[in-house]
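Survey of secondary and tertiary structure
Residue strings, one per chain:
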Amino acid sequence: MKNKTNILFITSDQQHYSAMGYLNPELKTPNLDKLVKEGTTFHRAYTVNPTCTPTRASWITGLYPSQHGAYSLGTKLMENIPTVGSIFSQNGYKTALIGKAHFQPLKSTPEYPSIEAYPILHDLDFWKKFHGPFYGFEHVELARNHTNESHVGQHYALWMIEKGYNNWRDYFLPTPDFFKSPEDKYPYSTHKNPKPGEAWEIPEEIHYNTWIAERTNALMEEYKKNNSPFFIWASFFDPHPQYMVPEPYASMYDPTKISVPEHKPGEFDDKPPYFSLSQIENPDFSDFYEEEGNGIQGAGSHLRSKEIKAKNIATMYGMMTMLDKYIGKILDKLDELGLSENTLVCYTTDHGDFLGQHGLVAKAIHHYEDLLKVPLVVKMPGTIPEGKISNSLQSTLDLPQTFLSFAKLPIPRNMTGIDEKSVWNGEVENIRKYVMIENQHQPTKLNIRTYIDQRYKVTVYYDKEYGEIYDLLEDPFEYKNLWNSSHKDLKIQLLQKFISAEMAKAPRPMPRIAGA
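All values derive from a computational prediction rather than experimental measurement.

**Quick notes on the overall build of the protein chain**
If you tally the helices and strands in the protein chain, you get twelve helices and 14 strands. Considered along the principal axes of its C-alpha atoms, the protein chain spans approximately 65 × 60 × 50 Å. Each of the 516 residues in the protein chain was classed as buried or not, and the buried ones make up 59%. Residue pairs in contact within the protein chain that sit at least 24 positions apart in sequence constitute 71% of those at least 6 positions apart. On the protein chain, roughly 21000 Å² of surface is accessible, and the fraction owed to carbon and sulfur atoms is 51%.

Rendered as structure tokens:
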């Protein structure tokens, strides 16, 4: 085990890049701040897609969403797609995923079956027997709910029962009518959503943060005892909305002392036309609807009072502080087991969040830095520089390739990211010249691609004349869209770079070994 590098992958869900104490004095995250001091932090790290399923599938395949096929929420990663977990398993590693997977949708059909769907989510007899394999992870313990969602069940529910909470269902919403079926064994609950700023009544001892940390630590102990190298993914759910957290975290931050981002009057005047729809009461997004579309995240009114936004941010801060506590328990266990020296720790999130910036809330269809940029911190004592802040461009598409590189395992040629090991360990300052973000929320009518280099960002919309160009150096808050301005030469240059980047994405599963 000492000769092999372990991989400890820790993720949050829908976290704004600034939601860490070392960047935000209003927020307390001492364990994450310690990780920053002990490792290297990248301030120009970007998601590959601003929604959950596509990004999470990219993390385990090393492919863009348009390549692995799980291009949007409500799709699934097909089981025949090779994954990084399988490579680790084939090379003697123990592989485990604890927490959120979201590789499959909440609905299952004969053609596209899903075990992350109703009613099997609530079939605890099934989950007693099933622990994998699942997308290359030989051992999984799963949950599907953010905060109090009715999707709760799977291994998380079994753990709550083990803790003596046979009434576990009382802390989560009832199954909505459109998911109900006679086969659902746990559809009922009297629980209701707390109001903004109110505490979630779930006891901390059965919160999913406690579960994920406890089970991750137990697996690390087991693998250490058996002298087995490991690739463990501790996949947390917070601070994804709906924002709620139990006490003492719910009242830890005073909403009246919270900085609240606001919409700047006129800032959407030069933006794509649908941006302004976010600032009216009942916007009409029917132009974007199409067959097989099935809903658009963020296509609605984003109007919220400053008071509500302040309460939500204060609660999100509480969620981050609680999350930080349990991440700290995992990192402390790693130290206690004497595994820190030969373990690569990587912390990130799947995508960002809007907390009022540009008048927007939650995740949406607006490719601002708030949504696309993500925290990325890596640590490995003696290998990765300590206390370093890097502005190297990073894409979370590159994570599986880089994990394999640190483990000295072969990287499949079909992966389309970049091995960032030499950047992470400080040998070179940067490799990437640009990052690409995909967002195919609808099959054709809302299909977005963004190219970002060290200075500029260009966003292109499928079959649309409008677009976006920002000078991130001169205009870091992206108020001035240069798409229709006098910067014609810049637009041509950036679109040429965009086209080249799109062409460069194509996988090359083998070299040319002959002339014909």
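**A closer look at the nonpolar core**
Membership of the largest hydrophobic core comes to 109 residues, with the highest contact counts inside it found for Ile 10, Phe 88, Phe 134, Tyr 156, Phe 236, Phe 403 and Trp 424. The element that contributes the greatest number of residues to this core is helix α8 (residues 306-336), accounting for 14 residues. In this structure, Phe 285, Phe 288, Ile 365 and Tyr 461 belong to the second largest nonpolar core, which totals 17 residues.

**A word on helix α12 (residues 488-504)**
For α12, built from 17 residues, the straight-helix expectation of 24 Å at 1.5 Å per residue is met to within 8% by its first-to-last C-alpha distance of 24 Å. Regarding α12, the residues found buried are Leu 490, Leu 494, Phe 498 and Ala 501. All buried residues of α12 project into a common sector of 70° when viewed along the axis, lining one side. Within α12, the exposed residues directed more than 90 degrees away from the buried face are Lys 488, Asp 489, Gln 496 and Met 503. Next to the buried residues of α12 lie β11 (434-440), β12 (447-453), β13 (456-461) and β14 (467-471).

**Structural notes on the packing of aromatic side chains**
Counting across every chain of the model gives 43 aromatic pairs. Look at Phe 9 and Phe 403: their rings are 5.3 Å apart centre to centre, the planes differ by 65°, and that puts the pair in the edge-to-face class. Taken together, the residues Phe 9 in strand β1 (residues 6-12) and Phe 403 in helix α10 (residues 399-406) connect sequence positions 394 residues apart. On the basis of relative accessibility, which here comes to 2%, the residue Phe 9 falls in the buried class. Aromatic side chains Tyr 274 and Phe 288 sit 5.6 Å apart centroid to centroid with 85° between the ring planes, which places their arrangement in the edge-to-face category. Of this pair, Tyr 274 sits in the loop between β5 (230-235) and α8 while Phe 288 sits in the loop between β5 and α8, and the two are 14 residues apart along the sequence. For Tyr 274, a relative accessible area of 2% puts it in the buried group.

**What about the pairing of strand β6 (residues 343-349)?**
Taking burial as the measure, the seven residues of β6 include seven buried ones, the bulk of the element. A two-sided burial pattern is seen for β6, the buried positions comprising Thr 343, Val 345, Tyr 347 and Thr 349 on one face and Leu 344, Cys 346 and Thr 348 on the other. Taken together, the four bridges between β6 and strand β9 (residues 376-379) define a ladder with antiparallel strand orientation. Looking across to β9, one finds that Tyr 347 is bridged to Val 377.

**A closer look at unusual backbone geometry**
Omega for the peptide link from Tyr 118 to Pro 119 comes to -5°, which places this bond in the cis form. With respect to the helices and strands, the residue Pro 119 is situated in the loop between β3 (94-100) and α5 (124-129). Of note, the amide linkage connecting Asp 238 to Pro 239 takes the cis form, showing an omega dihedral of 5°. Note that Pro 239 resides in the loop between β5 and α8. A positive phi angle, near 50°, is found at Tyr 135, a position not held by glycine. On the basis of relative accessible area, Tyr 135 is assigned to the buried category, the value being 8%.

**Considering the pairing of β1**
β1 sits mainly inside the fold: seven of its seven residues count as buried. Covered by surrounding structure in β1 are Asn 6, Leu 8, Ile 10 and Ser 12 together with Ile 7, Phe 9 and Thr 11, the residues of both alternating faces. Bridge analysis of β1 against β6 gives seven bridges, and the strand direction is parallel. Note that in β6 the partner of Ser 12 across the bridge is Thr 349. In this structure, β1 lies alongside β5, joined through five bridges in parallel fashion. Bridge pairing in β5 links Leu 8 to Ile 232.

**What to know about the sheet that holds β13**
Pairing in this open sheet of four strands is antiparallel, and the strands run β11-β12-β13-β14 from one edge to the other. Unpaired on one side and paired on the other, β11 and β14 mark the two borders of the sheet. Neighbour-to-neighbour, the strand axes of the sheet open up by a mean angle of 10°, direction not taken into account. The sheet contact formed by β13 and β14 spans five bridges and is antiparallel. Looking at the pairing, Val 458 lines up with Ile 469 of β14. Sheet contacts for α12: β11, β12, β13 and β14; angle to β12, the most-contacted strand, approximately 105°.

**With respect to the pattern of salt bridges**
Scanning the model with the defined rule gives 29 salt bridges in all. Where Lys 457 meets Glu 369, a salt bridge forms, and the shortest distance between an N and an O atom there is 2.9 Å. Placement of Lys 457 in strand β13 and of Glu 369 in helix α9 (residues 369-372) is noted, with a sequence separation of 88 residues between them. Its relative accessible area of 0% is what places Lys 457 among the buried residues. Residues Glu 478 and Lys 457 are paired through a salt bridge, measuring 2.7 Å at the closest nitrogen-oxygen approach. Here Glu 478 is found in the loop between β14 and α12, whereas its partner Lys 457 is found in strand β13, with 21 residues between them in sequence. With a relative accessible area of 1%, Glu 478 lands in the buried category. Overlapping salt bridges bring together Asp 13, Arg 56, Lys 100 and Asp 350 as one network.

**Let's talk about the side chain of Gln 394**
Note that Gln 394 resides in strand β10 (residues 388-395). At 3.2 Å, the side chain of Gln 394 forms a polar contact with the side chain of Ser 392. Each residue touching Gln 394, except ones within four places of it in the same chain, is listed here: Phe 42, Arg 44, Ala 45, Tyr 46, Leu 376, Glu 420, Val 423, Trp 424, Arg 432 and Val 435.

Definitions and cut-offs
Every chain is numbered on its own, with residues counted from 1 as its sequence reads. Totals for whole chains, interfaces and linings use every residue, but because this is a predicted model, local features are given only for residues with pLDDT of at least 70 and side-chain atom pairs only at 80 or more, for both listing and counting. Here the side-chain values reflect all heavy atoms present in the structure, with hydrogen atoms and water set aside. Runs of H or I in DSSP of at least four residues are treated as helices and runs of E of at least two as strands, each being numbered from the N terminus. Buried, partly exposed and exposed residues are distinguished by accessible area as a fraction of the type maximum, computed with a 1.4 Å probe on protein chains only: under 20%, between the cut-offs, and over 50%, respectively. Every residue pair with non-hydrogen atoms within 4.5 Å of one another is taken to be in contact. Using the Shrake-Rupley algorithm and a 1.4 Å probe, accessible areas are obtained, with residue cover drawn only from the displayed protein chains. In this description, a nonpolar core means a group of buried Ala, Val, Leu, Ile, Met, Phe, Trp, Tyr and Cys residues linked to one another through side-chain atoms lying within 4.5 Å. Multiplying 1.5 Å by the residue count of a helix minus one yields the expected span of that helix. The arc in question is traced by the directions running from the helix axis to the C-beta atoms. Only rings of Phe, Tyr and Trp enter the pairing, Trp through its six-membered ring, and a pair is recorded when the two centres are within 6.5 Å. The plane angle decides the type: under 30 degrees is stacked, over 60 is edge-to-face, the rest tilted. Think of it this way: DSSP has to see at least two bridges between two strands before they count as a pair. Orientation is described by lines fitted to C-alpha atoms, with helices fitted over the stretch in contact, and by angles between N-to-C directions that extend from 0 to 180 degrees. The salt bridge definition used is simple: a Lys or Arg side-chain nitrogen within 4 Å of an Asp or Glu carboxyl oxygen. By the criterion applied in these results, polar contacts are pairs of N or O atoms within 3.5 Å in which, for protein atoms, one can donate a hydrogen and the other can accept it, and in which residues neighboring in sequence qualify only through two side-chain atoms.

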